[in-house]
Amino acid sequence: MSTPIEEAETPEHQRAAKRKTHRKSRNGCFQCKQRHTKCNEEHPRCGNCIRLDVHCTWPSRERFSTTYPTPPESHAIATAERTVSVGSPDVPASSFGSAMSISDMRLLHHWSTKSYRDMNVDPARWPAWQIDCVEIALDFPFLLRGILALAAIHKTACDPQADRQSLLLQADTHMSSALETYRKNLEHPAEETAMAMFLLSMVIVTYNLASAQLEAPEDPIGALHHCFRLVQGVALVIQPHVTQIMNSRMMSKIVEQGPGITFEGIVPEVLRLKKLAETKKTSAHDFYTLAIDDLHTQFLKTRQCPPENDRLAIAFSWSSRLSEEFLHLISTHDPITALVLAHFAVLLTECRLAWWIAEWPLRIVLAAQKLLVATPELLTYLDWPLGIVKASAGER
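Quantities reported herein were computed from a predicted structural model and do not represent experimental measurements. (Residues numbered from 1 in each chain as written. Predicted model: local features only at pLDDT ≥ 70, side-chain atom pairs only at ≥ 80, totals over all residues. Heavy atoms only, no water.)

### Describing unusual backbone geometry
Logical step 1: For the peptide bond that leads from His43 to Pro44, omega is 5°, which places it in the cis range.
Logical step 2: Along the polypeptide, Pro44 turns up in the loop between helix H2 (30-35) and helix H3 (47-52).
Logical step 3: Despite not being glycine, Glu41 shows a phi value in the positive range, around 60°.
Logical step 4: Mapped onto the secondary structure, Glu41 falls in the loop between H2 and H3.
Logical step 5: Although it is not a glycine, His333 sits at a positive phi angle of roughly 60°.
Logical step 6: Structurally, His333 can be placed in the loop between helix H17 (324-331) and helix H18 (335-349). (Helix = DSSP H or I, 4+ residues; strand = E, 2+ residues; numbered from the N terminus.)

Okay, structure coming up:
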């Protein structure tokens, strides 16, 4: 499941789509209606949206056909499900934008009792996600919907008795709505939404990685590239109001901001990879070495930071500083960048892995191994990542 991104269409394609005729249906997804194409009405994502890898959203519950009834968490609850009015003093209209169903309230409860713990390794920082983040979300519906979407994915992953189809539909619907406002706010940043936007950007990154836990991506390297783009998007969100966000009480609660420390030592395996990159007399040489040098630094920081620090955040900060050129090389499945990503997978194993990241290290090294079959002379550089990551996976 990927983060929703609408596919741009050319005028020629739009005209061709308009010429197509099909049986009118009120139950098709919104994306097929916009493209004027026939929807096969398969839930939670129709065939066209799966093929195009775009988000798939559906008409409101009241308009669902008898072939796919209202999607509550269980059919036993369907007839008795109540909603909280937007005019209710408990849920102001400005806080959510529409009626909040009992299923949505269950997701909020799931977040507040379970999901929040995996947003940071340090229990001292849990209240920020359990309490403070929710309080902010009640004032900013786009953040609330992001939280509900991630809670739905978490519940799907950890509860084998849950109604998977219903939860995935809720997750998709909430995240789609959250992203619609998120994009608008990126175009018109405002001081009052700065912190809520920052928190949502972190939720979006987690959601993207977590979704792949439910359905493995066909192209793990491509999926990781997309994730890195999202991580860099967090910096984009912060930039317009960076001083306000960094100096806020909320930031001090969720991010460790200790004094700068010089980390000493070497990681021979990473430096060996740098020597390989230096032999490549191509225009990409500088982009390789810059990324590898920074990865080496993140290894040292992760290994030498205090145990209560969030090592996973330190590891992922590497991706936030990757150059545009290196990101492009990842997208082209360049062999050297695949090796660098395999070494990054080792760095992930040195962190406490939450449920939403646990499968990624092995997924990355196996994808790199498959890619490097075409360049067997590079496979020896994969021995260390493969050994470490497979051993780590076996321990889990």
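### Topic: the packing of aromatic side chains
Logical step 1: Scanning the model with the defined rule gives 8 aromatic pairs in all.
Logical step 2: Ring plane angle 90° and centroid distance 5.9 Å describe the contact between Phe228 and Trp318, whose orientation is recorded as edge-to-face. Of this pair, Phe228 sits in helix H11 (residues 220-238) while Trp318 is found in helix H16 (residues 311-320), placing the two residues 90 residues apart along the sequence. Taken individually, Phe228 and Trp318 each receive the classification buried, so the pair is uniform in this respect.
Logical step 3: Feature note: the residues Phe228, Phe316, Trp318, Phe326 and Phe344 constitute an aromatic cluster, connected by ring pairs.
Logical step 4: Positioned over the ring face of Tyr381 is Arg272, at 4.2 Å from the centre of the ring. (Phe/Tyr/Trp six-rings, centres within 6.5 Å; stacked < 30°, edge-to-face > 60°. Buried < 20%, exposed > 50% of the residue type's maximum accessible area, 1.4 Å probe, protein only. Lys NZ or Arg CZ within 6 Å of the ring centre and 35° of its normal.)

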